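Single-letter residue listing:
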Amino acid sequence: MSVHDFLGRFEPLVTRYRSEIAGPREHLALLRWQIGERHALAERDTFPGHVTTSAFVLSPDHARILLIDHVVIGRWLQPGGHYEPAPRFHESAAREAVEETGVAGLSLHPWHRSGDLPFAIDSHEVPGKPSRGEPAHIHHDLQYLFLADPALPLVAQEEEVHAAAWKPVAELAEIAPVAFARLQGLAETA
């Protein structure tokens, strides 16, 4: 996919997210600057940052969330990874969740109303990989909500994760505070 084609899909998504979803402190300044500079955000070798996608996979009652023990980062996180081309951005996030955890029966959460607007966009710093000549950089993470049955078996992808497990949704507060607060608001309106 060309930079022009990617940005043609991505820029309106970010603009819409900022006008409809983002909180008052979610400026996404670096991401917007990179869009304005026409950076190849879909490429993992684009610095200072590039796009990733991740999945907040909830149990149907929203009490539990599927997390992975990430090999490189060494902590529990939501499944996700570098953006891989897909017709819709949430499909990249779903693919990562299935690859890393083996979760079955994954479905896009009704919050999305079958659309592709992210639940949250989180730009955060990640360590580089000196073995690849990769400096510390930014992941502009498009985060989507999904539902799945926690009774179904999981199979962790051992190259990238030590384990996959269902945890209390409150554990998301430390991992992704903006998304956790937004989830709390979602629960209050349900």
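As the structure is a prediction and not an experimental result, all values here were calculated from the model. (Residues numbered from 1 in each chain as written. Predicted model: local features only at pLDDT ≥ 70, side-chain atom pairs only at ≥ 80, totals over all residues. Heavy atoms only, no water.)

Colleague: I tried to follow the pattern of salt bridges on my own but got confused; where do I start?
Modeller: Any two side chains of opposite charge can pair if their charged atoms end up close together. For the structure shown, the criterion picks out 5 salt bridges. In this structure, Arg-182 and Glu-26 form a salt bridge, with 2.5 Å as the shortest nitrogen-oxygen distance. Here the residue Arg-182 occupies a position in helix 5 (residues 177-189), and Glu-26 occupies one in the loop between helix 1 (3-20) and helix 2 (29-36), the gap between them amounting to 156 residues. The residues Arg-182 and Glu-26 share a single accessibility class, namely buried. A salt bridge links Glu-134 to Arg-132; its shortest N-O distance comes to 3.9 Å. Taking relative accessible area as the criterion, Glu-134 reaches 12% and is therefore assigned buried. Here Arg-132 falls in the partly exposed class, since its relative accessible area comes to 49%. (Salt bridge = Lys/Arg side-chain N within 4 Å of Asp/Glu carboxyl O. Helix = DSSP H or I, 4+ residues; strand = E, 2+ residues; numbered from the N terminus. Buried < 20%, exposed > 50% of the residue type's maximum accessible area, 1.4 Å probe, protein only.)

Colleague: I'm lost on the packing of aromatic side chains in this one. Help?
Modeller: Where two aromatic rings form a pair, the distance of their centres and the angle of their planes describe that pair. For the coordinates displayed, the defined rule picks out 6 aromatic pairs. Ring geometry for Trp-111 against Phe-119: centres 4.9 Å apart, planes inclined by 85°, an arrangement best described as edge-to-face. Assigned by exposure class, Trp-111 and Phe-119 land together as buried. Here a set of aromatic residues connected by ring pairs shows up, and it is made of Phe-6, Phe-10, Tyr-83 and Phe-89. When the ring centre of Phe-89 is taken as origin, the NZ or CZ atom of Arg-9, which lies over that ring, is 4.5 Å away. (Phe/Tyr/Trp six-rings, centres within 6.5 Å; stacked < 30°, edge-to-face > 60°. Lys NZ or Arg CZ within 6 Å of the ring centre and 35° of its normal.)

Colleague: Can you help me understand helix 2 in this one?
Modeller: Residues separated by three or four positions in an α-helix point in the same direction, a consequence of the helix having 3.6 residues per turn. Along helix 2, the positions that sit buried rather than exposed are Leu-31, Gln-34 and Ile-35. When helix 2 is viewed along its axis, its buried side chains cluster within an angular range of 100° and face the same direction. Buried residues along helix 2 sit in contact with helix 1, strand 1 (49-58), strand 6 (120-126) and strand 7 (137-147). Trailing helix 2 by a residue or two, Arg-38 shows a phi angle of about 65°, which is positive. (Arc of directions from axis to C-beta. Contact = heavy atoms within 4.5 Å.)

Colleague: Any chance you could explain the environment of Gly-80 here in plain terms?
Modeller: With respect to the helices and strands, the residue Gly-80 is situated in strand 4 (residues 80-82). For Gly-80, a relative accessible area of 16% gives the class buried. Along the primary structure Gly-80 and Leu-30 are separated by 50 residues, whereas in three dimensions their C-alpha atoms are 21 Å apart. Beyond its immediate sequence surroundings of up to four residues, Gly-80 is in contact with Thr-53, Ser-54, Glu-96 and Glu-100.

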